[in-house]
Amino acid sequence: MRWRYLIACVLVGVAVSATVGAVTGVVAALAGGAPTGADGGAGAAVGAGLAGLIVGTALGAVLGALSGMVTTLVARGRQGRGEVAVRAGLSAGAVHATVLAGLAALSWGRPDGSAALEVAGVLVPTLLAAVLSGWACGEVAGMSPEEHDGRGRPA
């Protein structure tokens with residue numbers, strides 16, 4: 001079995017989770033009453049953005065690897081770009097939704113009223129990962145074996 005969809009899903013998982021993590025960190029720092037002053041607010045926002053980027057990258061690598069393995073198993077034997085794209089999108093969305101919902105459930109019901117943010121924190125990365133993984137795996141499915149192995153188009 002060739003694991004050709006694994007790399008595409010890992011790259012998408014890292015890109016989506018790192019971006020969402022960085023943006024979430026900056027927004028949380030700015031909305032959470034970051035200290036003001038000459039550099040206090042900007043420093044807190046940059047630090048929170050970097051922390052979100054690092055955590056998001058690690059989480060994205062794990063989620064991307066899991067969705068890549070599931071996509072490879074689900075799309076085994078399929079040749080059409082559209083069929084692979086749909087299966088990849090559904091499997092990546094299912095993996096992301098399951099893991100992120102589980103993580104959100106750990107902090108569900110806090111008194112600070114952040115339930116809407118937790119729901120958005122599950123839905124936004126899940127939808128982004130599903131769409132981008134479907135597109136990326138559809139592109140990989142359309143490649144010839146020579147293109148996939150890095151040898152270019154056959155003459």
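Conventions and cut-offs
- Residues numbered from 1 in each chain as written.
- Predicted model: local features only at pLDDT ≥ 70, side-chain atom pairs only at ≥ 80, totals over all residues.
- Heavy atoms only, no water.
- Helix = DSSP H or I, 4+ residues; strand = E, 2+ residues; numbered from the N terminus.
- Buried < 20%, exposed > 50% of the residue type's maximum accessible area, 1.4 Å probe, protein only.
- Contact = heavy atoms within 4.5 Å.
- Areas by Shrake-Rupley, 256 points an atom, 1.4 Å probe, with all protein chains shown as cover.
- pLDDT = per-residue confidence, 0-100.
- Core = buried A, V, L, I, M, F, W, Y, C linked by side-chain atoms within 4.5 Å.
- Disulfide = S-S within 2.5 Å.
- Expected span 1.5 Å × (residues − 1).
- Salt bridge = Lys/Arg side-chain N within 4 Å of Asp/Glu carboxyl O.

### Points about the overall build of the protein chain
Part 1: Within the protein chain, the secondary structure is distributed over 5 helices and 0 strands.
Part 2: Secondary structure elements of the protein chain, listed N to C terminal, follow the sequence α-α-α-α-α.
Part 3: Taken over 155 residues, the protein chain has a buried fraction of 34%.
Part 4: Long-range contacts, defined as pairs at least 24 residues apart, comprise 74% of the intrachain contacts of the protein chain with a sequence gap of at least 6.
Part 5: Accessible surface computed for the protein chain: about 8700 Å², of which carbon and sulfur atoms make up 72%.

### Let's talk about the confidence of the model for the protein chain
Part 1: Residues with a pLDDT of 70 or more make up 81% of the protein chain, whose mean pLDDT is 83.
Part 2: The lowest-confidence element of the protein chain is helix H5 (residues 145-148), averaging 61 in pLDDT; the highest-confidence one is helix H3 (residues 81-106), averaging 90.

### A word on the nonpolar core
Part 1: Judged by nonpolar contacts, Tyr5, Ala8, Cys9, Val12, Val16, Ala75, Val84, Ala88, Ala136, Cys137, Val140 and Ala141 together constitute the single largest core of 12 residues.
Part 2: Broken down by element, this core gets its largest block of residues, 5 residues, from helix H1 (residues 4-31).
Part 3: The residues contacting Val84, other than those within four sequence positions of it, are Tyr5, Ala75, Arg78, Cys137, Gly138 and Ala141.
Part 4: Counting 5 residues, the second largest nonpolar core, distinct from the first, contains Val95, Leu100, Ala104 and Val122.

### Focus: the side chain of Thr71
Part 1: Within the secondary structure, Thr71 is located in helix H2 (residues 40-74).
Part 2: A relative accessible area of 0% places Thr71 in the buried class.
Part 3: Setting aside chain neighbours within four positions, we find Thr71 in contact with Tyr5, Cys9, Ala88, Ser91, Ala92 and Cys137.

### Description of the state of the cysteines
Part 1: In this structure the tally under the stated criterion is 0 disulfides.
Part 2: Free cysteine: Cys9, not disulfide-bonded; nearest cysteine sulfur from Cys137 at 3.7 Å.
Part 3: The exposure class assigned to Cys137 is buried, which follows from its relative accessible area of 0%.

### Looking at H3
Part 1: Its 26 residues place the ends of H3 38 Å apart at the C-alpha level, agreeing with the 38 Å of an ideal helix rising 1.5 Å per residue.
Part 2: Within the sequence span of H3, burial applies to Val84, Ala88, Gly89, Ser91, Ala92, Gly93, Val95, His96, Leu100 and Ala104.

### A closer look at the pattern of salt bridges
Part 1: Using the criterion set out here, one finds 2 salt bridges in the structure.
Part 2: Across the pair Arg87 and Glu83 runs a salt bridge, and its minimum N-O distance is 3.8 Å. Highlighted residues: Arg87 and Glu83, both in helix H3, separated by 4 residues, approximately one helical turn.

### A few points about the side chain of Thr126
Part 1: Topologically, Thr126 is positioned in helix H4 (residues 115-141).
Part 2: If we ignore the near neighbours within four places in the chain, the residues touching Thr126 are Gly93, His96, Ala97 and Leu100.

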